[in-house]
Amino acid sequence: MADAGPTLPTRVTNNSLKRKAIIEEEEEALDQPRKLPAVGATRPNRPLQPSRTAVNLNTSRGAGGAAVPKPLTKPKAPTLTRSTRGTSAPPTSSKPLQKPTGPSRVVAGRVASGSGSTRTTGRSSDDKRFQDLQSQLTSIEEARAADAARLASDMESERNKVAELQANHLALSRELAAAKSLELNQRRELVHFSDEIESLKKKHSMEVMDLEMDIKKRDRELREVNEDLRICRADLERERETVSSLKNTIAHQSTAHLSLTTQNHALEAQSAALQSQIDVYSRTVSDLTLKLETAQKEVEDLKKEAMESELVRRKLHNMVQELKGNIRVFCRVRPVLPSDLTTYAGSLTSSSSSASSADGGSVDFEKAKEELQANLSYPDQRDHKEIVVSSSSSSATGQERKEIYNFTFDRVFEPDSTQSEVFEEISQLAQSCIDGYNVCIFAYGQTGSGKSFTMEGGPSETSAGMIPRAVEQVFRVAEHMKSKGWEYKMEGQFLEIYNETVNDLLGKGEFDKKKHEIKHDPKTGATRVTDVEVVPLSSPSQVRSLLAIAQSRRSVAATLMNERSSRSHSVFTLRISGVNVGIDGCAGTGERCEGSLNLVDLAGSERLNVSFANGADKERVKETQSINKSLSALGDVIAALGEKGEKGGDKHIPYRNSKLTYLLQNSLSGNSKTLMVLNLSPLAAHLQESLTSLRFATKVNNTTIGTAKKQTRVS
């Protein structure tokens, strides 16, 4: 009903406007004069047609009651004799006929010029013929006069009928105009009445709406009054219950008052006893307060002692790391993988290959693994520091020649070693990074030897690599150091060195669009790369997502050694800055330390003729040449550091020979702790590459780069 009000006036207005437009059109049609057919005397011989507008008075009713006009009288054709021609008769004249002249005279002359005997006979025949002609002409003229009179009377009657029809038409037109004017007046009155009816309907709808609003208002007021009445009744009932309960309570209180009076006397006696006990407790509290003050002094002394012991622990930890060597080498041999069987199936013997293809059992895999595996042994089962490589070859004379190579490193991990066992040996370097030292851990080895698995690992917790484990260790140690007054802030970056070009693996733009420059600060010993994305780190899980992003952007390609080989060096840098702010009101020393942890996954270090035997892919050949150049520069830097550590002096270190060594300048110098994880392939097909890597790792292991210096700053 709320919407009916504004709709009705609109409909009324539209209907009235339509009616007024129709009436105005009808008035204009009535005002224009009706055109009548012209009646003239130009064509009197054409029979008149009945009028379409006027109705003849002399009409007959048809079968359906409709008026049927009578046909008009048609003029009759005159009756002519055979001697008359079908031409229009001359007008009737009352003058007597004259004698013909012209031809008749000629005939008469001709007759008169004849003989005297024939003149009289010819004249009498001519007179008779002339009289016959004259009589015929007279009858024709009389017939024409009768026809003309009859035609005139018919014309007169037709004119009378036309006049009568015009009069009837005029009368009917007047009656029609009067009827239309009457109808127009009635329509005007009808429009007026309909407007009044619509206005009354509108007024009625408005009154209905007002009444409905009043009804709703009354209903709402009624509901409110009923709700108030219900609340009042509930309050009244509750008050009645309260009054009854109060009466019961008063009755109980009157009886309880007597018992309370007796209890009051007893409590007064107890109060006296308690007062004596309070005096005893106050003396005890004073004694305990004195003991608490003494304990707080002892706690403050212990906190100071703990902070001092933390400094001692750092020194001892650094001493232990220095005793182990500031540059250490671990060797890890990966196990034989099922993919190796597919790659080197051609080198298997026929018995192993046929048995493997027959049922594919584990026994066949073990046989194929023994056949593909190189002769590697680990004689040092206590300290796990030695690896022995045995090889046999035929000499030019056909004699078999056996060669045995013995290599010793800081730790050798056999193929069944887990990721946690490898990280256990290098977890102490994470503590050194927290203490303010530069730490560099890089994986070295040929393509397919397991470098990326060692550094980045797999998706599960047990297969996690050194990078996520080291970050988790750093966060865990930083959380533990909060209890000793230290606060740390961490941030990370992930770079790639591809064809001597630095790429940002965490950047949002495309590679090679920005030119990244490496800059070293000689005062703080910090290394910065321009225009790279440095991400603040708040949790170890954030590092896992960064590793996934970097892995998807890293440059990889297929080689003869590995289907998906890393063709670039990746460097993950974790920067740590800490300050000693103290604990629980105990002022800190204000000491600041800044360390960095560089975790490097180097590209494959195989020879060009092994990686790309045919040399068809020029792009891959260029990559391999660039990789071997940077790895050679890394060996030159380590060799130069070893000579400087042995001989001393100002030995030039060729850090600028490659982007890799220049980026790791502060992590490879004497102010850092460096660990190289050598990854080896267990396959006999890779024995020569493994020996080359073992010799390079031995050179690194025999290098002494000096004593690492702590990066501290006192505020």
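Residues numbered from 1 in each chain as written. Predicted model: local features only at pLDDT ≥ 70, side-chain atom pairs only at ≥ 80, totals over all residues. Heavy atoms only, no water.

### As for the packing of aromatic side chains
Argument step 1. Scanning the model with the defined rule gives four aromatic pairs in all.
Argument step 2. Arranged with centres 5.8 Å apart and planes meeting at 75°, the rings of F330 and F413 form a pair that is edge-to-face. With F330 in strand β3 (residues 327–333) and F413 in strand β7 (residues 411–413), this residue pair connects regions lying 83 residues apart in the sequence. Of the two residues, F330 and F413, neither departs from the other in class, the shared state being buried.
Argument step 3. Its end group placed over the ring of Y437, K673 keeps NZ or CZ at 4.8 Å from the ring centre.
Argument step 4. Its guanidinium or amino end placed over the ring of Y405, R695 lies 5.5 Å from that ring's centre, counting from NZ or CZ. (Phe/Tyr/Trp six-rings, centres within 6.5 Å; stacked < 30°, edge-to-face > 60°. Helix = DSSP H or I, 4+ residues; strand = E, 2+ residues; numbered from the N terminus. Buried < 20%, exposed > 50% of the residue type's maximum accessible area, 1.4 Å probe, protein only. Lys NZ or Arg CZ within 6 Å of the ring centre and 35° of its normal.)

### Some words on the UniProt feature "coiled-coil region" (unreviewed entry) in the protein chain
Argument step 1. With numbering matched to this structure, UniProt assigns "coiled-coil region" (unreviewed entry) to residues 148–182, 208–242 and 278–312.
Argument step 2. Between the C-alpha atoms that bound residues 148–182 there is a distance of 50 Å. The span itself is 100% helix and 0% strand.
Argument step 3. Between the end C-alpha atoms of residues 208–242 the distance is 50 Å, and the span holds 100% helix and 0% strand. (UniProt positions renumbered as here; feature names shortened; annotations may be inferred.)

### Concerning the pairing of strand β8 (residues 438–445)
Argument step 1. For β8, the buried fraction is high: eight of the eight residues fall into the buried class.
Argument step 2. Every second residue of β8 is oriented toward a common face, with N438, C440, F442 and Y444 on one face and V439, I441, A443 and G445 on the other, all of them buried.
Argument step 3. By the bridge criterion, six bridges tie β8 to strand β19 (residues 591–601) in an arrangement that is parallel. Considered in β19, the bridge of I441 is made with L599. (Pairing = 2+ DSSP bridges.)

### Some thoughts on the side chain of R334
Argument step 1. Mapped onto the elements of the fold, R334 is located in the loop between β3 and α4 (338–343).
Argument step 2. Looking at R334, its side chain comes within polar contact range of the main-chain oxygen of G448, at 2.7 Å. (Polar contact = N/O pair within 3.5 Å; in protein donor to acceptor, adjacent residues only side chain to side chain.)

### Describing the side chain of R332
Argument step 1. Tracing the chain through its elements places R332 in strand β3.
Argument step 2. Polar side-chain contacts of R332 include one of 3.5 Å to the backbone oxygen of S417.
Argument step 3. Setting aside its immediate chain neighbours within four residues, R332 contacts F413, S417, T418, Q419, V422, F453, T454, L678, N679 and L680. (Contact = heavy atoms within 4.5 Å.)

### Comments concerning the pattern of salt bridges
Argument step 1. Scanning the entire structure with this criterion turns up 10 salt bridges.
Argument step 2. The partner of E403 in a salt bridge is R401, and the shortest N-O contact between them spans 3.7 Å. (Salt bridge = Lys/Arg side-chain N within 4 Å of Asp/Glu carboxyl O.)

### Notes on the packing of helix α7 (residues 419–434) against helix α9 (residues 466–481)
Argument step 1. Between α7 and α9, whose axes approach to 9 Å, the crossing angle comes to 45°. If you check the angle between α7 and α9, you find them oblique. For α7 against α9, the interelement crossing comes out right-handed. Here α7 contributes Q419, S420, V422, F423, I426, S427, A430, Q431 and I434 to the contact with α9, which in turn contributes M466, R469, A470, Q473, V474, V477, A478 and M481. (Axes fitted to C-alpha atoms, helices over the stretch in contact; angles between N-to-C directions. Parallel < 35°, antiparallel > 145°, perpendicular 65-115°, else oblique. Left-handed = near helix turned anticlockwise from the far one by under 90°.)

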